[in-house]
Amino acid sequence: MRRLERLVAPKPLEPSTILIGEQMLQVVFRRHAQARRLVLRLSMHGTQVQVTVPKGVSRARALEFTERSRSWIETRIAHHGDNVLLQPGHRIPLRGVEHEIRHAGTRRGLISVDSEARVILVPGELPHVPRRVADWLKAEARSDLTAATQRYAALMDVRYAKISIRDQRTRWGSCSASGDLSYSWRLILVPPHVLDYVAAHEVAHLKHLDHSPRFWRLVLTHCAAASKAKAWLKTHGQTVHRVVI
Ligand SMILES: [Zn+2]
């Protein structure tokens, strides 16, 4: 029996996920015969929680351990090098171009952009900077997305009901059967041709609620950069999720 046991590799444990703030992390379990206790670590890019599981410890117990380590994971994520906070000194892409967030004194006023110096100037109390930048980015996203949506709606001769700006991790935009469009605010971080493509895509769904050849024909007729934008999203799309609000 013993010998047989050693020949049969232990069944791999099915991965799980954990939602930390607004980031969905993958949890992977690794059986380790020599391990004495459950050990948790964060992957290099901070996108995965890796749990070492000693022999005889169940997946359920390992998962419970992960849940109990939530605050440890949160702290690690917040300090992780890959994550970008909306704090002075941090750089975020704005319409695809890196800009530095800079505190501009405690006097109240509007956020402004120095495009030449690539700086986002944020006046007001220092502790309010992240919140203000987040609100401003969402407002900018709304304005760009509304303009793009109106443009494509006119070109494709369709009407939409309303636009909402959300923080969806899994999709850039969506279109409901009742004609409501919703977009991720993170589209303000990507190059304009990519934002345009997402708007064209969702507006085209107002005519065709599928991804049929006629849907794609409609998108491509009005958005020549669609293929380029799709490729951009595939390669770089995840990077904008590093920005933590
Ligand atoms: Zn679609």
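Residues numbered from 1 in each chain as written. Predicted model: local features only at pLDDT ≥ 70, side-chain atom pairs only at ≥ 80, totals over all residues.

**Section: the nonpolar core**
Nonpolar side chains in soluble globular proteins tend to end up buried together. Filter applied, for reference: Core membership is restricted to buried Ala, Val, Leu, Ile, Met, Phe, Trp, Tyr and Cys residues, and these are joined into a nonpolar core through C-beta atoms within 7 Å. Put simply, a residue is buried when 20 or more other C-beta atoms lie within 10 Å of its own C-beta and exposed when 12 or fewer do; between those, it is partly exposed, and each C-beta is set from the backbone. In this description a helix means any DSSP run of H or I spanning at least four residues, a strand means any run of E spanning at least two, and both kinds are numbered starting from the N terminus.
Counting residues in each nonpolar core, the largest one holds 37 residues, and the members touching the most others are L145, L187, L195, V198, A199 and A200. Elements with a minimum of two residues in this core: β9 (119-122), α4 (129-156), β12 (181-184), α5 (192-205), α6 (213-222) and α7 (226-236). No other element matches the 8 residues that α5 contributes to this core.

**Observations concerning the domain arrangement of the protein chain**
Stated formally: As used throughout, domain bounds are those supplied by an automatic or database domain assignment.
Domain boundaries in the protein chain define domain 1 (2-78) and domain 2 (138-244). For domain 1 and domain 2, the distance between their C-alpha centroids amounts to 37 Å.

**Observations regarding the pairing of strand β6 (residues 91-94)**
The two faces of a sheet get side chains in turn, since along a regular strand they alternate between them. Heads up, the rule is: Two strands are said to pair when DSSP picks up at least two bridges between them.
Relative to strand β7 (residues 97-103), β6 is paired through 4 bridges, and the arrangement is antiparallel. Within the sheet, the bridge partner assigned to L94 lies in β7 and is V97. Following β6, the chain reverses through 2 residues before pairing antiparallel with β7; R95 in that reversal takes a positive phi of roughly 50°.

**Details of unusual backbone geometry**
Phi angles above zero are rare outside glycine, and R118 is one such case at about 55°. Take R118: it is sitting in the loop between β8 (112-114) and β9. On the neighbour-count criterion, R118 (13 C-beta atoms within 10 Å) is partly exposed. With phi around 55°, D157 is a residue other than glycine that occupies positive phi space. Using a count of 8 C-beta atoms within 10 Å as the deciding quantity, one classes D157 as exposed.

**Considering the environment of G124**
Here is the rule: Residues are scored as being in contact if the C-beta atoms we place from backbone atoms lie within 7 Å.
Along the polypeptide, G124 turns up in the loop between β9 and α4. A tally of 18 C-beta atoms within 10 Å means that G124 is categorised as partly exposed. With 87 residues separating them in the primary sequence, G124 and R37 have C-alpha atoms 49 Å apart. With near-sequence residues (within four places) excluded, G124 lies in contact with T106, R108 and R132.

**Considering the sheet that holds strand β10 (residues 163-166)**
Threshold: Every angle, taken between N-to-C directions, lies between 0 and 180 degrees, and every axis is a line fitted to C-alpha atoms, over only the stretch in contact when it is a helix.
With mixed pairing, 3 strands are arranged side by side in an open sheet as β10-β12-β11. Lying at the two open borders of the sheet, with one neighbouring strand each, are β10 and β11 (173-175). Strand-to-strand twist in this sheet, taken as the mean axis angle between neighbours without regard to direction, amounts to 15°. As paired strands, β11 and β12 are joined by 3 bridges and run antiparallel to one another. When the sheet's bridge partners are listed, S174 is paired in β12 with S182. Helix-sheet contacts for α4 involve β10 and β12, and the interaxial angle to β10 is about 145°. Its contacts with the sheet put α5 on β11 and β12, and the angle it makes with β11 is roughly 15°.

**Considerations on the packing of α5 against α6**
Threshold: Here roughly perpendicular refers to angles of 65 to 115 degrees, roughly parallel to angles under 35, roughly antiparallel to angles over 145, and oblique to all remaining angles. By convention, the crossing between two helices is left-handed when the near helix turns anticlockwise from the far helix through less than a right angle, and right-handed when the turn is clockwise.
Orientation of α5 relative to α6, taken along the N-to-C sense of each, is 135°, at an axis distance of 9 Å. Regarding the angle of α5 to α6, the classification is oblique. The crossing of α5 and α6 is right-handed. Between α5, through A200, H201 and A204, and α6, the contact on the second element is made entirely by F215, L218, V219 and H222.

**Observations concerning the sheet that holds β6**
The strand order across the open sheet formed by 4 strands is β6-β7-β9-β8, and the pairing between neighbours is mixed. Two strands close off the open sheet at either side, each with one partner strand: β6 and β8. Direction aside, the axes of adjacent strands within the sheet are offset by 35° on average. Relative to β9, β8 runs antiparallel, the two being bridged by 3 bridges. Its bridge partner being in β9, V113 is matched across the sheet by I120. Packed on one face of the sheet, α4 meets β7 and β9 and runs near 120° to β9.

**Section: α4**
The periodicity of an α-helix, 3.6 residues per turn, causes residues three or four positions apart to be oriented the same way. To be explicit about the condition: An expected span of 1.5 Å times one less than the residue number is assigned to each helix.
With 28 residues, α4 extends 40 Å between its outermost C-alpha atoms, agreeing within 8% with the 40 Å of an ideal straight helix rising 1.5 Å per residue. When we look at burial in α4, the residues that qualify are V129, V133, L137, A141, L145, A148, T149 and Y152. In the core, the buried residues of α4 are packed alongside β7, β9, β10, β12, α5 and α6.

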